[in-house]
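Per-entry structural report
Here are the chains, one letter per residue:
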Amino acid sequence: MSGTTSRDDGLAGKVALVTGGASGIGRALAVAYARAGVSTVLGYLPGDPHDPRQAVAEAEAAGGRAVAVACDVTDPASVDAFTDAAHDHFGRLDLVVANAGALDSAALADLSDDRWHRLLEVDLTGVVRTLRSAAAAMTGGGAMVAVSSIAGGVYGWQQHAHYAAAKSGVLGLVRSLAVELAPRGIRANSVIPGLIETPQSLDEENSLGAQGLTAAGGGIPAGRVGRPEEVARAIRFLTSDDASYITGQQLVVDGGLTVRFPD
Ligand code: NAD
């Protein structure tokens, strides 16, 4: 297939589900998968301002196949229909990446039950829904990755206790699924991104915003914030046969941010 590599990583011919695929890390992953010969069903949230057709076009330009399918991870029926699309379009399902995520900034005093539940519906329950639905369809084994965060996965983050709790919860969920699904030949791992330049981190209201990101980049050992492709390639690795004996683990992709001794 044109545009694919000749690496023997077992990915060529595989089919993947990726939630939150219209932008950021999910969109970059569609291209990374296309280069490896993986066909991707990209989930997009209806109403999200990013056009999923662009992500599909980029994957096709990289020599691969991709389709965009609506998927709201807060709706179990939507998630199941998204999973079905893998078989409908490509005839099989091997890989799933629970990447969709939402962010909300709220101090503890403002963290109503409703606000807490709304965020966890996406960032934790949405991950369970995605992995549960996919696992039922992965009849020939495979691999799954959930996207956590250094917020919760490693650090705490003020005004983001609900986000951090969800992202921390993802790690326990994935470790447990790694044990439970191993007899079926399914591996499960988490990726913990650091500061990555995407629409989420560029959000001035709920995250660092453009200026905050640039300023933070100077404090990262790598000297800059990360690019979505750099997380995508880590996810691609974990779902490939190059990671065939890795399960239940967390891979931090942060340019050294969390291992730096404080000045
Ligand atoms: P992004 O905003 O580009 O991507 C998030 C995607 O999730 C969007 O496409 C959005 O439409 C989708 N989404 C939101 N709610 C959804 C729902 N209910 N159902 C389905 N999709 C939904 O930002 P990103 O940085 O690429 O985020 C990808 C993942 O990486 C997220 O889980 C995020 O929390 C995580 N993460 C990002 C960073 C960073 O610095 N950018 C750091 C750590 C973790």
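Scroll up to find the structure this text is about.
This report concerns the structure included in the present document. This structure is a prediction, so every number in the text was calculated from the model and none was measured. (Residues numbered from 1 in each chain as written. Predicted model: local features only at pLDDT ≥ 70, side-chain atom pairs only at ≥ 80, totals over all residues. Heavy atoms only, no water.)

Around the ligand sit 27 residues in total, of which Ser23, Ile25, Asp48, Tyr163 and Thr198 are the nearest. In the environment of the ligand, an oxygen atom lies 3.4 Å from a nitrogen or oxygen atom belonging to the backbone of glycine 24. Separating an oxygen atom of the ligand from a side-chain N or O atom of glutamine 200 is a distance of 3.2 Å. Contact with the protein chains covers 93% of the free accessible surface of the ligand, which is 810 Å². For the shell around the ligand, the secondary-structure elements that each account for two or more residues are α1 (24-35), α6 (161-181) and α7 (199-202). Of all the elements, α7 adds the most residues to the shell around the ligand, at 3 residues. Residue composition of the shell around the ligand, grouped by class: 12 nonpolar, 12 polar and 3 charged. (Near = heavy atom within 4 Å. Polar contact = N/O pair within 3.5 Å; in protein donor to acceptor, adjacent residues only side chain to side chain. Areas by Shrake-Rupley, 256 points an atom, 1.4 Å probe, with all protein chains shown as cover. Helix = DSSP H or I, 4+ residues; strand = E, 2+ residues; numbered from the N terminus. Nonpolar A, V, L, I, M, F, W, Y, C, P; charged D, E, K, R; others polar.)

Per the stated rule, a full pass over the model turns up 9 salt bridges. In this structure, the salt-bridge partner of arginine 227 is glutamate 229, at a minimum N-O distance of 3.9 Å. (Salt bridge = Lys/Arg side-chain N within 4 Å of Asp/Glu carboxyl O.)

Our focus in this paragraph is a negative patch on the surface. Taken together, the side chains of Asp75, Asp80, Asp84 and Asp88 present a region of like negative charge at the surface. With respect to the secondary-structure elements, aspartate 84 resides in helix α3 (residues 76-90). (Patch = residues over 30% accessible without salt bridge, like charges linked within 9 Å, V, L, I, M, F, W, Y side chains within 5 Å. Lys, Arg positive; Asp, Glu negative; His and termini not counted. Charge placed at Lys NZ, Arg CZ, Asp CG, Glu CD.)

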